[in-house]
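Commentary on secondary and tertiary structure
Chain residues, written in single-letter form:
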Amino acid sequence: MTQPDLRVTIGGLVFKNPVLTASGTFGYGKEFAPYVNLHHLGGVVVKGISLAPRRGNPPPRIVETAGGMLNAIGLENVGLDRFITEKMPYLRGIGTRVIVNILGDSLEEYQTLGQRLSEIEGISALEVNISCPNVKKGGVAFGTDPTMAEAVTRAVCAHSTLPVIVKLSPNVTDITQIARAVEAGGAQAVSLINTLMGMAIDVKSRKPRLANIVGGLSGPAIKPVALRMVWQVAQAVKIPVIGIGGITTTEDALEFLLAGATAIEVGTANFINPRASQEIVEGLARYVTDNRLNGISEVIGGLILP
Amino acid sequence: MKQYEKQAEIVRQEQLTPEIFRLTLKAPEIASTARPGQFVMVRTTPCYDPLLRRPLSIHQTIGDQQVQLMYKVVGKGTRLLAAMTSGQKLNLTGPLGHGFDLAGKQAICLVGGGMGIAPLYFLAREIMRTTSPPKCIVLLGARTATELGPLPRDFMDIGVTETHLATDDGSVGHHGFVAELLPQHLAPSHQWTVCTCGPHPMMKAVVGQCRQHGWQCQVSLETMMACGISACLGCAIPRADLSGPYLHVCKDGPVFKAEEVAWL
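Residues numbered from 1 in each chain as written. Chains lettered and ligands numbered in written order. Predicted model: local features only at pLDDT ≥ 70, side-chain atom pairs only at ≥ 80, totals over all residues.

1. So, the overall build of chain B
Here is the rule: Here a strand is any run of E in DSSP of at least two residues, a helix any run of H or I of at least four, and the numbering for each starts at the N terminus. Our radius of gyration looks at C-alpha atoms and nothing else; its globule reference is 2.2 Å times the residue count to the power 0.38. Remark: C-beta atoms are placed from the backbone, and a residue is labelled buried if 20 or more other C-beta atoms sit within 10 Å of its own, exposed if 12 or fewer do, or partly exposed between those counts. The contact criterion used is a C-beta to C-beta distance within 7 Å, with each C-beta placed from the backbone.
Of the regular secondary structure elements, chain B holds eight helices and 15 strands. In terms of overall dimensions, chain B is globule-like: its C-alpha atoms have a radius of gyration of 18 Å, near the 18 Å expected for 264 residues. Each of the three principal axes of chain B carries a C-alpha extent, and together these read 55 × 45 × 35 Å. The buried share among the 264 residues of chain B stands at 48%. For chain B, long-range pairs separated by at least 24 residues make up 65% of all intrachain contacts whose partners lie at least 6 apart in sequence.

Printed below as a string of structure tokens:
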């Protein structure tokens, strides 16, 4: 039996399958090596990197909610230099595409990150975080304003030779407006959604459960919202869309592909089932075989409207 | 360090007290590699409510086949665990984190409070097995005698000759805090290493005693945690000097030298 064709193309790059891991849920890849054959994945999106190391928010940083979790990690990361020297050597050997998620609090920081990472061997693409809601200066302004979103996209694209994926925030009135803006700014793809802003209160102490007071909601609870936004954006732009938001099973992944996503990212599910991403790759292969499709690309955008 | 994700069959589920349960699981890969102080992440349901795994310290390994966990029913996840019976399967990841460091330690005192006693039993067994002659004092604290259940007896059964108890209500042992027992029982003639696990105020008091008397101290900490494998970064705790990058309980711990972390 021949292997089912799961290949997809984004920004001129061919991915062996459409299953990527979402930034901030998969460490720098190595953390999941005991559980997953990393080379079976379509790609790994690593923890968001800023120019300087970031300490992140004080604890408590996470809280469980119905069908989901809130986090306010605060973009803790090792910074660009340590990422290049300590994390990249391992990532070069994992046998799949490495996408580096970047974040900054100024246009210049995004530019520098784009430029420096373009010089590093072993990176396939950049995913630009313009939407992380946790840090006051952490890019929320870029992600919620079409003009700023376009400007930051343009800045990264102008200084980088890598394909640029822009990760969108759902905490906006009309996400298609932002998607069109980053497309105009030169993005080769958009990924969505980042976490939804949320909050939880301990009624005994009357205090917020997160030290940061508010945090980002993720997990199965947000999937219907994410799916709706992916569907809307897929119709609004010509560039490929990468679907993110509560994807936990093969069926979830298929829903996003049908809604128009060319690829998907598995996020919070990695915490619950460290093998989730690989199981979804296997599930998609079975789906293609069982339905006698020529390839997974036949599923993309295959939603049948009533 | 090797880690595994396994479907583990429940061998035995015992109710020790109205709230405390002991679960024995068949998990050979984890049993044969786990060290005292390490933990596993337990998925309490195949569904998504509750969503996250629960971190539970390893109470003991039995031979190279079985892993025993002890837990208190505090919420939905542990209530689901308590309802499970032998023959059913649970998904575990582990063994995770760094355990206690016994290298070169001669005189060891274990101080446990409430569910914090769970990992200390594994440690006591290791001490009795590897140090000769074993010099090990165990101090156990709980709210009531009922809450201690069979644990004091369990320590005696493995040959710990000196076990002292403290309860909040005085129903057994010293009427007061377990940390108050330390100066009473730790002879100044020995260079003690104190290993402690329990509620934060208890450990803080133990750390204070150790600092005062110049004893080394290792603490096993618990925090909210989503993944247990250093991906979510949810389990951050501040360093002793309150600066620099946060420590992460799942990877840098759960056992720390007391002086590494901040005691706020």
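2. Re the sheet that holds strand 11 (residues 196-199) of chain A
Residue and element names in this part refer to chain A. The criterion, for reference: For two strands to be treated as a pair, DSSP must find at least two bridges joining them. Axis lines are fitted through C-alpha atoms, for helices just across the contact stretch, and the angle between N-to-C directions can take any value from 0 to 180 degrees.
Read across the sheet, four strands follow the order 5-6-14-11 without closing on themselves; strand pairing throughout is antiparallel. Looking along the sheet, the strands with just one partner apiece sit at the ends: strand 5 (62-65) and strand 11. For this sheet, the mean inter-axis angle between neighbouring strands, taken without regard to orientation, is 40 degrees.

3. Description of the interface of chain A and chain B
Across the boundary between the two partners, chain A contributes 29 residues, which contact 25 residues of chain B. Going through the elements one at a time, strand 5, strand 6 (68-71) and helix 8 (269-272) of chain A are the ones with two or more residues in the side of chain A that touches chain B.

4. Section: the environment of Leu165 of chain B
All names here are of chain B. Tracing the chain through its elements places Leu165 in strand 9 (residues 162-167). We classify Leu165 as partly exposed; it has 19 C-beta atoms within 10 Å. Expressed as a C-alpha distance, the spacing of Leu165 and Leu182, which sit 17 residues apart in the sequence, is 11 Å. Discounting residues that sit within four places of it in the chain, Leu165 has contacts with Leu140, Leu148, Pro152, Val172, Gly173 and His174.

5. A word on the domain arrangement of chain B
Interfaces are often described in size by the accessible area the parts lose on coming together. Residues and elements named next belong to chain B. Cut-off, in case you're wondering: Domain boundaries shown here were taken from an automatic or database domain assignment. Residue classes follow a fixed rule: Ala, Val, Leu, Ile, Met, Phe, Trp, Tyr, Cys and Pro count as nonpolar, while Asp, Glu, Lys and Arg count as charged, and any other residue, Gly among them, counts as polar.
Structurally, chain B comprises domain 1 (4-96) and domain 2 (107-220). Its C-alpha centre places domain 1 at a distance of 24 Å from the equivalent point of domain 2. In this complex, domain 1 contributes 11 residues to the contact, which on the side of domain 2 involves 13 residues. Sorting the residues of the side of domain 1 that touches domain 2 by element identifies strand 4 (54-62) and strand 5 (66-72) as the ones contributing at least two each. In terms of residue count, the dominant contributor to the side of domain 1 that touches domain 2 is strand 4 (four residues). In terms of residue class, the side of domain 1 that touches domain 2 is built from five nonpolar, five polar and one charged.

6. Remarks on the confidence of the model for chain B
Residue and element names in this part refer to chain B. Operational definition: A residue's pLDDT is simply how confident the predictor is in it, with values from 0 to 100.
Averaged over chain B, the pLDDT score is 94; the fraction of residues at 70 or greater is 100%. Per-element confidence in chain B ranges from a low mean pLDDT of 92 for helix 6 (residues 182-185) to a high of 98 for strand 15 (residues 255-257). Two numbers describe this predicted complex: its pTM, 0.95, and its ipTM, 0.93.

7. Here we look at the sheet that holds strand 3 (residues 19-21) of chain A
Residues and elements named next belong to chain A. Strand order in the closed barrel formed by eight strands is 3-4-7-8-9-10-15-16, and the pairing between neighbours is parallel. Strand-to-strand twist of the sheet, defined as the mean angle between neighbouring strand axes without regard to direction, takes the value 25 degrees. By the bridge criterion, four bridges tie strand 7 (residues 97-102) to strand 8 (residues 125-129) in an arrangement that is parallel. Its bridge partner lying in strand 8, Asn101 is registered against Glu127. Most of the contacts of helix 6 (residues 223-236) go to strand 15 (residues 241-244), to which it runs at about 175 degrees, and overall it touches strand 10 (189-192) and strand 15.

8. Points about the nonpolar core
This is how it is decided: A set of buried Ala, Val, Leu, Ile, Met, Phe, Trp, Tyr and Cys residues, joined through C-beta atoms within 7 Å, is what we mean by a nonpolar core.
Core analysis: the biggest nonpolar cluster contains 181 residues, and Leu126, Ile165, Val190, Val230 and Ile264 of chain A together with Val206 of chain B have the highest contact counts within it. The element contributing the most residues to this core is helix 3 (residues 117-130) of chain B, with eight residues. Counting contributing residues per domain, this core is built from domain 1 (4-96) and domain 2 (107-220) of chain B, each supplying no fewer than three. In this view, Val230 of chain A contacts Leu192, Val241, Gly243, Phe256, Ala259, Gly260 and Ala261 of chain A; residues no more than four positions away in its chain are not counted.

9. As for the environment of Gly24 of chain A
All names here are of chain A. Within the secondary structure, Gly24 sits in the loop between strand 3 and strand 4 (43-49). Exposure remark for Gly24: the 28 C-beta atoms within 10 Å place this residue in the buried category. Separated by 122 residues in sequence, Gly24 and Pro146 have C-alpha atoms that sit 25 Å apart. Setting aside residues no more than four positions away along its own chain, Gly24 makes contact with Lys47, Gly48 and Ile73.

10. Here's the deal with the environment of Val255 of chain B
Residues and elements named next belong to chain B. Examined against the element boundaries, Val255 turns out to sit in strand 15. Classification of Val255 by C-beta neighbours within 10 Å gives buried; the count is 26. Each C-alpha atom, one on Val255 and one on Phe100, is 6.0 Å from the other, the two residues being 155 residues apart in sequence. With sequence-adjacent residues up to four places away left out, Val255 is seen in contact with Gly37, His98, Gly99, Phe100, Gln218, Val219 and Ser220.

11. Brief notes about helix 1 (residues 79-91) of chain A
Two residues of an α-helix separated by three or four positions point the same way, owing to the 3.6 residues in each turn. Selection criterion: Values of bend correspond, residue by residue, to the angle between axes fitted over the seven residues ending at that residue and the seven starting there.
Approximately 35 degrees is the largest bend angle found in helix 1 of chain A, and it occurs at Thr85 of chain A, with the proline Pro89 of chain A only one to four residues beyond. Those residues of helix 1 of chain A that fall on the buried side of the exposure criterion are Leu80, Phe83, Lys87, Met88 and Leu91 of chain A.

12. Here we look at the packing of helix 2 (residues 107-118) of chain A against helix 4 (residues 146-159) of chain A
All names here are of chain A. Here is the rule we go by: Here is the rule for angles: anything less than 35 degrees is roughly parallel, anything more than 145 is roughly antiparallel, 65 through 115 is roughly perpendicular, and the remaining ranges are oblique. A clockwise turn of the near helix away from the far one marks a right-handed crossing, whereas an anticlockwise turn of less than a right angle marks a left-handed crossing.
Helix 4 packs onto helix 2 with a crossing angle of 30 degrees between their chain directions and a minimal axis gap of 8 Å. When the axes of helix 2 and helix 4 are compared, the pair comes out roughly parallel. Considering only the axes of helix 2 and helix 4, their crossing is right-handed. Each of Leu107, Tyr110, Gln111, Gly114 and Gln115 in helix 2 lies in contact with helix 4, whose residues at this interface are Ala151, Val152, Ala155, Val156 and His159. Considering only residue class, the contact of helix 2 with helix 4 consists of six nonpolar, four polar and no charged.

13. Some thoughts on helix 3 of chain B
Counted only if it meets this: The length a helix should cover is 1.5 Å for every residue beyond the first.
For helix 3 of chain B, built from 14 residues, the straight-helix expectation of 20 Å at 1.5 Å per residue is met to within 8% by its first-to-last C-alpha distance of 20 Å. Turning to helix 3 of chain B, its buried residues are Ile117, Ala118, Pro119, Leu120, Tyr121, Phe122, Leu123, Ala124 and Ile127 of chain B.

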